[in-house]
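One letter stands for each residue in the lines below.
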Amino acid sequence: EPATIKVDGKTYKSNAVNVKVVPGNQQSGGANQSSARAGAGRKTPSSGSLDSDLAFLRAEVDNSKPYQGEEVIVTYKLYYRVDIADYGIDQTPSYPGCWSQDLTSDNRQPGRYTETVDGQRYYVADIFKEAIFPQRSGKIKSKPMQFKIVARVRDQSRDNQKRDPFDSFFDDNFFGHKTVEKTLTSNPVNLDVKPLPSAGKPDAFNGVVGDFSFSSTIDKTNVQANDAINLSLTVKGKGNIKLIDPPKINFPPDFEVYDPETSTDIKAS
């Protein structure tokens, strides 16, 4: 029967096709080939080969020689030249002697851009970003990230098979490819952490390293006895802010003071 298609509200029909069937030799495997094509719409990912130049994972560090306690930003980038159907973190990275803060937003998909590596153009997605703070000096080597992808790659086995009249149709972007599951491993992060200088070190120093500002505000300055006053203290900056202890304030003895409320808002810089 003719095939039909509707475009912009109009229906178009192809011509009908007449086929005359004559007796002939039975070809083994014909039914199996037909059923294979009919079932090609559902494919189970196989743990097959995926060339390293088609997809790889790279960890980039903004400062490989920080001071002890200094913030280091690590970005994990996925480079790929294949269609990726699914993905997920299989193993998160870890850094001995450091504490870390995840800077990856849970509310957005990773942005995609392009880079050229060794003459090849890749799509790049920043899949994971975090700030790490080394708590000791010396050499530190991270445990790498492992990232699992399900990619659609060209099925080389089909290229080696004998062509038939159906190949021109089935060897398109869907039927000419197969899904492959692959675990990518990033390069480890290597840090050479320098100790903090001892000259000029304050006696009350507790390890906070960074660039910070400190401000205070009060909601009213003219009050009557027993009125409440709200005092807000804010520390802003870049660094290991979680190590900052709430400041201690010496109020007059005739002030009744309530326990403070603290909050932290950390964002990627």
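Peer 1: So what's going on with the packing of aromatic side chains? Which residues, and what values?
Peer 2: In this structure the tally under the stated criterion is eight aromatic pairs. Taking 4.5 Å as the distance between ring centres and 25° as the angle between the ring planes, the aromatic pair formed by Trp-99 and Phe-133 counts as stacked. With a gap of 34 residues between them, Trp-99 in strand E6 (residues 98-102) and Phe-133 in strand E8 (residues 120-134) connect regions that are remote in the sequence. The exposure class assigned to Phe-133 is buried, which follows from its relative accessible area of 3%. An aromatic cluster is defined as three or more aromatic residues linked by ring pairs; in this entry it consists of Phe-56, Tyr-79 and Tyr-122. Lying over the aromatic face of Tyr-79, Arg-58 brings its terminal NZ or CZ to 5.1 Å of the ring centre. In this structure, Arg-81 is placed above the aromatic ring of Tyr-122, and the distance from its NZ or CZ to the ring centre is 5.4 Å.

Peer 1: So, the environment of Tyr-76: which residues are in play, and what are the values?
Peer 2: Inspection of the secondary structure assignment puts Tyr-76 in strand E4 (residues 72-80). Note on Tyr-76: relative accessible area 0%, which makes it buried. Taking C-alpha positions, Tyr-76 is 6.2 Å from Lys-129, a pair spaced 53 residues apart along the chain. With residues near it in sequence (within four places) discarded, Tyr-76 still touches Arg-58, Ala-59, Pro-93, Tyr-95, Ala-125, Asp-126, Ile-127, Phe-128, Glu-130, Met-145, Ser-186 and Val-189. A distance of 2.9 Å separates a polar atom in the side chain of Tyr-76 from a polar atom in the side chain of Tyr-95.

Peer 1: Quick rundown of the confidence of the model for the chain? Include the residues and the values.
Peer 2: Averaged over every residue, the pLDDT of the chain is 82; the share at 70 or more is 81%. Helix H1 (residues 30-38) is the least confidently modelled element of the chain, averaging 39 in pLDDT, while strand E12 (residues 190-193) averages 96, the highest of any element. Ignoring residues within four places in sequence, the model shows residues 27-42, a span with pLDDT below 50, making eight contacts including any to other chains. Scored below 50 in pLDDT, residues 165-173 shows 15 contacts in the model against residues more than four places distant or in partner chains.

The rules we used
- Residues numbered from 1 in each chain as written.
- Predicted model: local features only at pLDDT ≥ 70, side-chain atom pairs only at ≥ 80, totals over all residues.
- Heavy atoms only, no water.
- Phe/Tyr/Trp six-rings, centres within 6.5 Å; stacked < 30°, edge-to-face > 60°.
- Helix = DSSP H or I, 4+ residues; strand = E, 2+ residues; numbered from the N terminus.
- Buried < 20%, exposed > 50% of the residue type's maximum accessible area, 1.4 Å probe, protein only.
- Lys NZ or Arg CZ within 6 Å of the ring centre and 35° of its normal.
- Contact = heavy atoms within 4.5 Å.
- Polar contact = N/O pair within 3.5 Å; in protein donor to acceptor, adjacent residues only side chain to side chain.
- pLDDT = per-residue confidence, 0-100.

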